[in-house]
Amino acid sequence: METGPQGTILFFTVGRTDYGFDVFSRQLLPSISATDRRLTDGISVNFNAQFNDDELNPSIVFVSERNGSPRIYHIAAGAGIPKPLPHSGDTTLFVDRPIVRNRRLYFVSAHEKPNLPFQSWSALYSVEDYESPTAFPRRLTPPGAVDYSPALSRSGDFIAVASYGSRPWGGEFQELQTDIVVFRGSDPEKRAVVCERGGWPSWSGDSAIFFHRQAEDGWWSVFRVEFSPDNFLDLVSIPTRVTPPGVHCFTPAAMHDGGSRIAVATRRKGSKYRHIEIFDLESGEFSPVTEPVNPNSHHYNPFVSLDSKFLGYHRFRGESGPGETTIPRLDPVASPIKDLRMVRIAGAFPAFSPGGDLVAFNPGFGGLRVVKSDGSKEWTLVKDRTSFGNSWSPTERHVIYTSMGPIFASTDTTVQIARVTFDPRDLGSEVKILTRTDTGNNAFPSCSPDGKFVVFRSGRSGYKNLYVVDAVEGEHDDDGSVRQLTEGKCIDTMPSWSPRGDLIAFSSNRHNPSNTEAFSIYVIRPDGSDLRRIHVADGDADRERINHVCFSRDGEWLLFTANLGGVTVEPVSAPNQFQPYGDLYVMRLDGSGLRRLTWNGYENGTPAWHPKSDCVEMKLGDLHLGEGVGDKLTGQFDEPLWISCDI
């Protein structure tokens, strides 16, 4: 009987473990309050909230990942325990941007697969009664279309979204080439593009929409477009720029006071932090909201109550209040496959020991650590030296191979393959360099199942190809100590040796060497024969960007990160992600059985598959995830690195 993928997968998510987001609010009337008030409870990450429209029972809806995937929660403004809404996690592992109006819930979900690869799964749904367990989500986005960032007009009659329509994703992620599209909630099939090129719409009444986009002078700015409910299907308006150059303005939230003020997130020269400000359209003046109180924290995605008395946002929760204060070393993540468990680790390039009871990883690429696979104990083997791309010797319990040197570097930059031997009893470790310093960029080692050889990527020929070296002795001065496995004017990288020993999988652009942005999966035998490409995407396969390939423990499945699902959220609304289209997938070695594993706005990558199937398999219930286990949570993460104030 044929079985699907099984076991436990570890993976890394860029920045996510450092967020510590909670939702906060500030009183605006009669004046801006001196401090903000936390509305969520400090568990996991909580973000992208909205006030509901019930003035007698004020509350918020928000997204939280406390149960292993984004789900929608509801909490009263007077605190209490967040209540999960019953339909937000039943059919999907991703939801975002919830809105409640007249007891109807609107939200973005990504549970329906599009017909084509390289297209986002994100679409808008609504539920008639948001607290009813029997209510069923209704899709408002047409088949084949992609919608982000919904907003409701003041009356609740109209919905605006940032939409690709049925256009394909072009591969961009800094500014999505979406349009502002409007439709009636009662008739979602009749849609109109009211403005080309824009994102994150916000209504002022029922007559105007604010949105953000990057202006021609390079500054992200807020624009306004007029809207006529009577003839919106026939009207395309010319947008007006609202915020001035010299300051980046994102994710607007219109105040409900006639359209004279908007709340925006800003980035200013001289500050690396994103803050919330109120912009007055009549005076042209900004009023700071968060910078005077929390100058050294990022603040994201403002939202305003219907009476304009309160302004909300999410930020790092701080170190003094109740809630989680440490970064869990291991964090269970919901899996779409019954027999496949998924765990996020607080570090990149995890690698299992032969018995599966230890995990090596790189904390922020700043060194090499080992943690017990139940998360209970940790050792530092290398510190104060950049390390990345780990592989554990399958035959030696305390031997790890890693790369030492800059992670993103040219072919001639010195990066070396290191063999690290350690003794957990005395915390001692020995580092042996296996490659010569004059051979350029050597990285991403993977050890053979018999422990005798290491395959790695090297730039010694002027191009990045694969080589094989003795796993103990390393490279000598004579040419016979290193064997070239692949050749060509291309990039072959991130090799993974099959547990069966018969194949080596790797990422390469050898099908189109001039394109350094597109990589596909290739396999080759250890003797250099039978090189072939494994096609993953149907149709335009040359758009594949696939990295971090590794094998299942039986050698039958491939696990990798890819861009096949496009972008799930607007990247400018979140902290830095180098490749926000990076999600995890599994596929059989013959190219069949493709399954998506992750849906979120993050870059998920560097996965590892647990090597055992017996009783030492990781048990998620045994993970030590409580307070005091892991590094201190400090909220230190980056804004999108592609946003610059040096314009």
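Everything discussed here concerns the structure shown above.
Quick caveat, the model's predicted, so the values are computed rather than measured.

1. Here we look at the pairing of strand S29 (residues 358-362)
Taking burial as the measure, the five residues of S29 include five buried ones, the bulk of the element. Across the two faces of S29 the burial is the same, with Leu358, Ala360 and Asn362 and Val359 and Phe361 all buried. Examined bridge by bridge, strand S28 (residues 348-352) and S29 share three bridges and lie antiparallel to one another. Among the inter-strand pairings, Ala351 is bridged to a residue of S29, identified as Ala360.

2. Points about the pattern of salt bridges
Inspection of every chain in the model, using the stated rule, returns 37 salt bridges. Glu128 is the partner of Arg104 in a salt bridge, and the nearest nitrogen-oxygen pair spans 2.7 Å. Separated by 24 residues along the polypeptide, Arg104 in strand S9 (residues 104-109) and Glu128 in the loop between strand S10 (123-127) and strand S11 (138-139) bring together distant segments of the chain. Residue classification places Glu128 among the exposed residues on the basis of a relative accessible area of 53%. Each of Arg329, Arg369, Glu378 and Asp631 takes part in a single network of salt bridges with overlapping partners.

3. Description of the sheet that holds strand S30 (residues 367-372)
Across a sheet, paired strands are connected by hydrogen bonds in the backbone, their directions being either parallel or antiparallel. Judged by pairing direction, the sheet is antiparallel, and its four strands sit side by side in the order S28-S29-S30-S31 without closing on themselves. Here the strands that pair on one side only, and so sit at the sheet edges, are S28 and strand S31 (378-383). Pairwise comparison of adjacent strand axes, ignoring direction, gives a mean angle of 20° for this sheet. The pairing of S30 with S31 spans five bridges and is classified as antiparallel. Looking at the pairing, Gly367 lines up with Lys383 of S31.

4. Quick word on the side chain of Thr141
Residue placement: Thr141 occurs in the loop between S11 and strand S12 (146-152). A polar contact of 2.8 Å, which involves the side chain of Thr141, links it to the backbone nitrogen of Leu124. With near-sequence residues (within four places) excluded, Thr141 lies in contact with Ala123, Leu124, Val146, Asp147 and Arg191.

What counts as what
Residues numbered from 1 in each chain as written. Predicted model: local features only at pLDDT ≥ 70, side-chain atom pairs only at ≥ 80, totals over all residues. Heavy atoms only, no water. Buried < 20%, exposed > 50% of the residue type's maximum accessible area, 1.4 Å probe, protein only. Helix = DSSP H or I, 4+ residues; strand = E, 2+ residues; numbered from the N terminus. Pairing = 2+ DSSP bridges. Salt bridge = Lys/Arg side-chain N within 4 Å of Asp/Glu carboxyl O. Axes fitted to C-alpha atoms, helices over the stretch in contact; angles between N-to-C directions. Polar contact = N/O pair within 3.5 Å; in protein donor to acceptor, adjacent residues only side chain to side chain. Contact = heavy atoms within 4.5 Å.

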